[in-house]
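# Examining the three-dimensional arrangement
Here is what each chain is made of, one letter per residue.
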Amino acid sequence: MRIDLPGTGAYTLNERTAWPVPDAPATSRVVYAAAHVVADPLGDNTPGSPAAVDWDATLRFRRHLWSYGLRVADAMDTAQRNMGLDWAATKELIRRSAAEARTVGDPATLVSCGAGTDHAPRAADLNTITAAYAEQIETVQSAGAGVIIMASRQLARAATGPKDYHQVYGKLFGLVDRPVILHWLGEMFDPHLAGYWGAPDVAAATESFLELVHAHAPMVDGVKVSLLDEEHEVGLRAALPDGVKLYTGDDFNYPSLIRSGSHALLGIFDAIAPAAAAALRVLDAAEAAGDDAGRDRLLASYDEILAPTVPLSRKIFETPTYHYKTGIVFLAWLNGHQDAFAMVNGAQSARSLLHLSEVFRLADQAGLLADQELAVRRMKALLAVNGL
């Protein structure tokens, strides 16, 4: 099967990869896919408008992720928090996602949702910011989902140093009914979060962060770190208290970080769930292997599965990184998980046609076009709309 791609020319697709659906989740790592929302193509999702969501397709996609043994991290930046998903839609997403998880199993295990302060954009003092966090935490907990305490633009703006972060987060730990995931999102994902944890220097911010985690370790399930710095993550992982997980959010270096011991909470797993699930089952077998030769052979297989996904991920997450959601939704459309290449806030226009064409090619190279005929048909339609 061939297609003419701008920037590439005539391209012949690889033989389709048939990924197995696992009969159970992986056991060696706890893995979340941060999931996108599906926009209603007939809704007014122009920039600045309230989000109009296709709820049936959005929930169907979560069932797709659960079918591959992945947990879902919902209402996070992949779902366009702070980039078009308003609080009214976010509340509905949390409620619906947790209710859908309940039809499959325990929502507290299957889905964790972001709690932040984005519904209070003008919050300017610590008490108001804490109250905003508390409202969202209650929304998540009342739905039955796990809590992910997201980084707050408002706190980043109001805090004068580490003590302010510790004061706010310390109060939040008193509001939760079970251990939570803390989210450290780097400024490449959101420039408004520069200097989070009270210092512009990463080493000083890390010291502040670790002080907070050690002080409240019983209430911290894990920390989700998205700084795209493998060396830093390995050092931070080693410095965490016993029992506190490091959930990698590094969409550039996830294969080696997961292999070396990190758990995962990744936006790219939205797009590569079949390959990720296959690699994790191989990692399970490798860690259970009784001999070094068998373990090395299985780890080589793990690397072989994930290696082609890395160029795809690096393309999707290239600068400006915060527009990665466009590539994620584009692949969901190519793979038939939604009927239209449409996003809330009109974000489907955030990447160029050349970028999307390369995402198409790299997805095929990674074996992640589930129905190649459908993907080619939709890619040709997109090219035609753009005069090609």
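Attention now goes to the pattern of salt bridges. The tally for this structure, following the rule as stated, stands at 15 salt bridges. Where Glu287 meets Arg29, a salt bridge forms, and the shortest distance between an N and an O atom there is 2.8 Å. Of the two residues, Glu287 sits in helix α11 (residues 273-288) while Arg29 sits in the loop between β2 (9-12) and β3 (31-34), which places them 258 residues apart along the sequence. Among the residues examined, Arg29 registers a relative accessible area of 8% and is labelled buried.

As summarised here, the arrangement of the 8 strands in space is β3-β4-β5-β6-β7-β8-β9-β10, forming a closed barrel in which the pairing is parallel. Geometrically, the sheet is characterised by an average inter-axis angle of 25° between neighbouring strands, direction not taken into account. Across 4 bridges, strand β5 (residues 111-115) lies against strand β6 (residues 146-149) in parallel orientation. Within β6, the residue paired with Ser112 across the bridge is Gly146. Against the sheet, helix α2 (residues 87-102) touches β4 (71-74) and β5, its axis set at about 165° to β5. Against the sheet, helix α6 (residues 162-173) engages β6, β7 (180-185) and β8 (220-226), with an angle of about 155° to β7.

A few words now on helix α8 (residues 230-239). Restricting attention to buried positions, one finds in α8 the residues His232, Glu233, Leu236 and Arg237. Viewed end-on, α8 has its buried residues packed into an arc of 135°, placing them on one side of the element. Among the exposed residues of α8, those oriented more than 90 degrees off its buried face are Glu231 and Ala238. Next to the buried residues of α8 lie β7, α7 (202-215), β8, β9 (245-248) and α9 (254-260). Two to three positions downstream of the cap, the backbone nitrogen of Glu231 sits 3.3 Å from a side-chain oxygen, assigning the N-cap of α8 to Asp229.

Running from N to C, α6 and α7 point in directions that differ by 25°, and their axes come no closer than 10 Å. As judged from the angle between their axes, α6 and α7 are roughly parallel. Relative to α7, α6 is oriented so that their crossing is right-handed. Contacts from Pro162, His166, Tyr169 and Phe173 of α6 reach α7 at Ser208, Glu211 and Leu212. The residue makeup of the contact of α6 with α7, split by class, is 4 nonpolar, 2 polar and 1 charged.

For the pair helix α4 (residues 126-143) and α6, the least separation of the axes is 10 Å and the interaxial angle reads 35°. As for how α4 packs across α6, the hand of that crossing is right-handed. Counting all contacts with α4, which are made through Leu126, Asn127, Thr130, Tyr133, Ala134 and Ile137, the residues of α6 involved are Asp164, Gln167, Val168, Tyr169, Lys171 and Leu172.

A word on the pairing of β3. On any regular strand, side chains alternate: one points to one face of the sheet, the next to the other face. Residues of β3 alternate between two faces, with Val31 and Ala33 on one and Tyr32 and Ala34 on the opposite face, all of them buried. With 3 bridges connecting them, β3 and strand β10 (residues 263-266) associate as parallel partners. Within β10, the position partnered with Val31 by the bridge is Ala264. Here β3 runs beside β4; their pairing, made up of 3 bridges, is parallel. Across the sheet, Tyr32 pairs through a bridge with Arg71, a residue of β4. Following the backbone out of β3, through helix α1 (residues 55-67) and into the adjacent parallel β4, one traces a crossover that is right-handed.

This brings us to empty space enclosed by the protein. Going through the model one piece at a time under the given rule, you end up with 3 cavities of 30 Å³ or more. Approximately 70 Å³ is the volume found for the largest cavity. Lining the largest cavity are 15 residues, with Asp77, Thr78, Lys224, Gly267 and Tyr324 sitting closest to its centre. Mapped onto the lining of the largest cavity, the elements with two or more residues apiece are β8 and β10. The residue inventory of the lining of the largest cavity, partitioned by class, reads 7 nonpolar, 5 polar and 3 charged. The space that makes up the second largest cavity amounts to roughly 50 Å³. Residue composition of the lining of the second largest cavity, by class: 2 nonpolar, 5 polar and 3 charged.

So, how was this worked out
Residues numbered from 1 in each chain as written. Predicted model: local features only at pLDDT ≥ 70, side-chain atom pairs only at ≥ 80, totals over all residues. Heavy atoms only, no water. Salt bridge = Lys/Arg side-chain N within 4 Å of Asp/Glu carboxyl O. Helix = DSSP H or I, 4+ residues; strand = E, 2+ residues; numbered from the N terminus. Buried < 20%, exposed > 50% of the residue type's maximum accessible area, 1.4 Å probe, protein only. Pairing = 2+ DSSP bridges. Axes fitted to C-alpha atoms, helices over the stretch in contact; angles between N-to-C directions. Contact = heavy atoms within 4.5 Å. Arc of directions from axis to C-beta. Polar contact = N/O pair within 3.5 Å; in protein donor to acceptor, adjacent residues only side chain to side chain. Parallel < 35°, antiparallel > 145°, perpendicular 65-115°, else oblique. Left-handed = near helix turned anticlockwise from the far one by under 90°. Nonpolar A, V, L, I, M, F, W, Y, C, P; charged D, E, K, R; others polar. Right-handed = clockwise from strand over helix to strand, strands pointing away. 1 Å grid on protein atoms, 1.4 Å probe; cavity = no way out; pocket = protein on both sides within 12 Å on 5 of 7 lines; lining within 4 Å. Points joined across faces, edges and corners; volume = space filled by probe spheres on them.

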